[in-house]
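Architecture at a glance
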Amino acid sequence: MDDLNDWIGCLKGHPQTVTPNLDRLAESGILFTNAHCPAPACNPCRSAVFTGRSPNRSGLYDNRQQMREIMPKDVILPQYFREHGYRASGSGKLLHYFIDANSWDEYFPPAQTENPFPQTFYPSQRPVNLKRGGPWQYVETDWAALDVTDEEFGGDWSVTEWIGQQLRQSHDKPFFLGCGIYRPHEPWFVPKKYFEPFPLENIQLPPGFLEDDLSDVPEAGQRAARNRYFAHIQDQGQWKKGIQAYLASIHFADAMLGRVLNALEAGPNANNTIVVLWSDHGWQLGEKEHWQKYTPWRDVTRVPLMIRVPPSTSAALPQGTPVGATCDAPVNLLSLFPTLLDLCGLPSREQNDGPSLLPLLTAPTGSNWQHNSVTYLSTPGSYAISGRTHRYIHYADGSEELYDITSDPHEWENLADSPGSTATLAEFRSSAPTEFAKRIEPSVKSLAKLTFQSIPKSGVPPSKPVGNAFPVHFLNQQRSDVELCWVDRDGSAKSYGVIGSGKTKPQSTRPGAIWLVREIDTQKELGFFRVGDRTAQAVIPATQPNVIVVLTDDQGWADLSCQGQFDDIQTPHIDALAKRGVRCTNAYVTAPQCSPSRAGLITGRYQQRMGIDTIPDMPLPSEAITIAEHLQPAGYRTGMVGKWHLEPNVTCVDWMKRELPAMANKPRRQVRIPWPKIQPYSPAQQGFDEYYWGAMTNYRTNFDLASGQTLPKMKQIRDDRFRIDVQTEAAVSFIQRNRDQPFYLQVNYYGPHTPLQATETYLNRFPGPMPTRRRYALAMISAIDDGVGQMVAQLKEHGLLENTLIVMTSDNGAPLKMTKEDLPIDRGAGGWDGSLNDPWVGEKGMLSEGGIRVPMIWSLPSQLPSGKDYHWPVSTLDIASSVLPLAGIDPNDIGEPLDGINLIPRMNDIQNPSTRTLYFRFWDQAAIRQGKWKYIYVGDGRRYLFDLESNQHEHVNLVRSYPELTDKLHESLRSWTTELQPPGLPRGEKMREQGWYDFYFDESESIEATRN
C-alpha cells in the first residue's frame, strides 16, 4: 500500500479508522508493530525493497532520481524469483511510476507500457476542495468524495480485480505476485461510500498533534517540518476535510485488500501462498506542523508490516507463522528480500543489506534480535534510527533528536539535550551508519520539460517564488545566443547571463519563479518559463514550433511496427518518430468515416456541432475556423497536401437542394458540381497558403513540383505516378520552400484507402505468402513511411527537427468488410483495403474500437518526452488545442471553444490525469468513453458496455453486470447529443450498421440482454 501510516485498527493510529481486512490479515499471521521504511519517500523506499540495497549504499535518496540510472543492472525481487523457477506477475504501482518490464512475466497494465496505473476516474475540474497555494504545491494534494461506483472508479479496483483473477487460477509453477494498491496516496479521490463512515462533524484530529511541538526540534528538523502545506490547509479551512479524506482513502484501500484476500481464500492457492503486506512509508496530517511524508519522525517512518505463512508451505518455517502474533522488535522493509528468499528456499544474496526476519517469524518476541532499523533521509548523512524503546534522529549538520517511544509514542519531548540521555545517545551514535554513497543526480534527459510560453498581451507575469531551491536546466536551441533573465516580484527582468547557441545552463531556482528569454542585441522578448515544484528541463526552441500533421486514410490500429501486433509491417521511420516522441495507445478519431473525422481534426471541434455526422452532410461550413486559419495571423505559412474531402460532393443532397437544385435528384454519375460552387470550400478558402490538393491523379495546386516555385494562381494538373510518392514530393517541396519561417503542413495521404496501388519497389519489400490486398496495403504504408522519412530528413538538414511537432495518425479504422475477402485489387473498390485493426473489434463505419481507435504518434523533441507510451484517452480534437498554445495563441481568445485538450503538459506529467469523456455519434450509433469504460448505443435499442482494459475488451458485454454504470453513461451520452445539430440520440431510422453489429457481437447477448 502507498503512503499508509499507522491509522489502521490493529496499530491503533487513529480511533476512527475502519480497516476490517487489514485487521483480519494481521490476526491470521504476525503483525510487526515497530516496522520502519528504509526511506520516507516512495522511490528510495521501493527501490531499496526491490533491490535489497540500502539508500546509503546505492546513492538513491529521493523521488527525483531514476532507479535504473543509478542501478542499471541490479536484479530486482521478481526477476530473482523468475531466475529460480517462479512465474512473476504484478499489477499497480510497485516501483516508482515505472514497471521495469524485463523483470516480469506478466503485468497489468501491460508491462511494455511502463505505466503501472489502470484507468482511474478523476474529476475533470480540479482542484475540487483544496485550492492550490502556488506552484510549490503538489498538484495531487486534493480530496473529494466521488459519485461513482468502485468499478467506475477503476484504479485499485481494476488492480485487485486482475490480482483476484490470478489467485483464483491453478498454476503450473510457483508464482511471485505483486499487488500495488495506490491508495491512500494522493489525490484522496475515492467513491463517496467510503466517506460515509466519517461524518465531517465527528472527525477527530490526529492523536499525535500537539501545539508548538517544534519548540525543542533543531533548525534542520523545523525546516523539514514546515513545508507550507499544513499552514495552507489550515488557512483554507480544510484540515478536518483532509483527515476525513485520508480515513476514507484508507477505508477504500482496505476494501480493495479484502477483494484480494477473498479471492485467495476462495481459490486453489490459499494453503500454499505466503502473504506479505507493507506500506512504503507513513504520512503526517499536521503533527509537528507537517503535512506529507519525507520527514524522520515516527508518523512517517513507521509502517504496517504483516506476514502470513501457512503451515507446511515453507521448509524454513514448517509450522507456519503463529496466528495473531505481534512483534515489537525494530525491523526494516529492507529485510523483505532476504526473508522471502529464506522462506522460499532460494539462494541468499550478498547484495542484500537487511537481515532476514526468519528468526522473528519463528519467535516473535525477538529477545535475541540485535538490529535497529535505519531510515535514510534525502540528504546523505541525515537518518533516523528506531530501536525497541527509543528513536534517534541525526541531521547532516550534526543536530540530533532522541525520543522514548515507550512513554512518548508521538515524539513530543526531545531528550537529546537531557543529561539522562547520555548513554542512550552514545549507544545510537556507536551503531549509526558512517558511509554514505554520493547522491546521483538524475540525467537531464530524464527530467520533465517545462513549457516555453509566449509573451501574453498583458506582458510577462512577475515571479512568485516560494519553497526550496533546485536546479532547472535551460537548453538553448536558438541559432544565436540568448539572455536568460529572472523576473522579480515586481515584474522587472534581471539578467542571469547568456546561454550560447546549443548550450545548456543549469540554474538554481524555486517554485513559482518566472524566467524570461530575450535576444541579446534587440532585447526582444522571446518567451518565458514558469518553474513548477521540481527540477526540470527548460528547452528554448529555435522559433515558434513548426507543425506537420501526417494523416493516413483507412489505416488500422495494428499497422505500425511499433504497435507490436504483426511482424509483416515495416515502418522504421514512423517507429523512429515514436522513439523520439510519444506513442498514444488510446487515440481516437471523432468519426469512423473520412469526411466527418477530418472536419473534427481540422477544426478542433466535434463536427456534429457544425451539422456534420456523415459524408453527405458536407461541405465543411465556410464559417468553420480551421487550425490553418488560426495560425496564419500568428505568422505561420500554411500548406495542405493530398486528400481534402471537406468540399461538396455528389452525396451531399441537402447542400445540392440549396445550391444546385437542378442536380439534387439526378443519379450520382450524372451530377456535376461546377468549380465556382466548390471553390468557397477549398483549402485556399480555409486558411491554406499553399496546397497540392488531390487524391489519385488529378490535382489542384498553386506550386510547381519541378521548380519548387509557387504559382501566381491555381493550376489543375494530372500526375499518373504512384500517388503516395507524389504526395510525399509535394510535402517535401513545401518544407524546403518555407524552412525559414514557422509553418503548418497538413499531409493527407490517400492510402491505404482503396483503390489499392503500389509500385514494384514497395511490393518487393513484402515477399512470401499473404493476401494480395494485405501486400498492397503494406506496400502503401511502407511508401508513407518512406515519405515520413524524407520529411524528417529535410527537417534534419535544415536544423528544424527538434522544433517541429509531427503528429502522425489515421482518419479512421480499416474497412474489413467483415470477412476480409481478398478480391482482386481491380475489383471491389469499396472492399477490404488490406489493413488491420487488431486487437480491436469492428471496422470503419462502426463506433466499436476497430472503427475509431487509431495509431497516433506525437514528436516534438524540444518540448515532449522521448520514447514514451501514453495510455490515457486522446483524440484528434486535441491537435488544435495543443498546436495553438505552441504558436502563442490562447484558445480562450478564439471565439467558439475547442473540444480538445492541450496534450503537451499532460504528456510531460507522470501523474494520472483527470478523467476525460469522449463522445461519438455516427449513423445510427452513439458512444461514450469514460476512463476504461465504453458504452455504445445503437438506434434499434441495443446497448453495450465494455471494459477496455480487460483482455476481453469488446468481446464481453457487461450491461447486465453493471446496470447502474450503464444507465449513468447512457444519460451522459444523451445529454451531450442535445448540444448537436441535429440534437438527440440515434433513432434507428436507417440502421445501415445492423449487419456489422450482428456479425461482430453475439446476438443473444447484445439484443436480448441489453435492449431497453
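Since this is a predicted model, take the numbers as computed values, not measurements.

It is worth spelling out the overall build of the protein at this point. In terms of regular secondary structure, the protein is built from 28 helices and 39 strands. Over its C-alpha atoms the protein spans a radius of gyration of 31 Å, differing by no more than 12% from the 31 Å that the globule rule assigns to 1012 residues. Seen along its three principal axes, the alpha-carbon backbone of the protein occupies a region of about 105 × 75 × 55 Å. Counting over 1012 residues, the protein shows a buried share of 62%. Counting every atom, the protein has about 37,500 Å² of accessible surface; 48% of that belongs to carbon and sulfur. A gap of 5 Å separates the mean positions of the 99 positive and 117 negative side-chain charges of the protein.

Let's shift gears to the side chain of Asn-332. One can find Asn-332 in strand S13 (residues 331-332). Looking at Asn-332, its side chain comes within polar contact range of the side chain of Ser-373, at 2.9 Å. Reaching out from Asn-332, the side chain makes a polar contact with the backbone oxygen of Val-374 at a distance of 3.0 Å. If sequence neighbours within four positions are ignored, Asn-332 has contacts with His-36, Cys-37, Pro-38, Ser-373 and Val-374.

So, about the sheet that holds strand S39 (residues 943-947). A sheet is described by the order of its strands in space; here four strands give the open sequence S36-S37-S38-S39, paired in antiparallel fashion. Strands at the two margins of the open sheet, each flanked by one partner only, are strand S36 (917-922) and S39. Between one strand and the next, the sheet's axes are offset by a mean angle of 10°, whatever the strand orientation. In terms of strand pairing, strand S37 (residues 925-930) meets strand S38 (residues 933-938) through six bridges, oriented antiparallel.

Residues Met-618 and Pro-619 are joined by a peptide bond in cis, for which omega reads 10°. Inspection of the secondary structure puts Pro-619 in the loop between helix H16 (594-603) and helix H17 (627-631). In the segment running from Thr-754 into Pro-755, the intervening peptide bond is cis, with an omega of 0°. Residue placement: Pro-755 occurs in the loop between strand S31 (743-752) and helix H21 (760-763). Unusually for a residue other than glycine, His-645 sits at a positive phi of about 65°. One can find His-645 in the loop between strand S27 (637-642) and helix H18 (653-659). Even without glycine at this site, Lys-817 takes up a positive phi of about 55°. With respect to the helices and strands, the residue Lys-817 is situated in the loop between strand S32 (804-810) and helix H23 (849-852).

Cut-off values and rules
- Residues numbered from 1 in each chain as written.
- Predicted model: local features only at pLDDT ≥ 70, side-chain atom pairs only at ≥ 80, totals over all residues.
- Heavy atoms only, no water.
- Helix = DSSP H or I, 4+ residues; strand = E, 2+ residues; numbered from the N terminus.
- Rg over C-alpha atoms; globule rule 2.2 N^0.38 Å.
- Buried < 20%, exposed > 50% of the residue type's maximum accessible area, 1.4 Å probe, protein only.
- Areas by Shrake-Rupley, 256 points an atom, 1.4 Å probe, with all protein chains shown as cover.
- Lys, Arg positive; Asp, Glu negative; His and termini not counted.
- Charge placed at Lys NZ, Arg CZ, Asp CG, Glu CD.
- Polar contact = N/O pair within 3.5 Å; in protein donor to acceptor, adjacent residues only side chain to side chain.
- Contact = heavy atoms within 4.5 Å.
- Pairing = 2+ DSSP bridges.
- Axes fitted to C-alpha atoms, helices over the stretch in contact; angles between N-to-C directions.

Geometric values such as these leave the question of function open.
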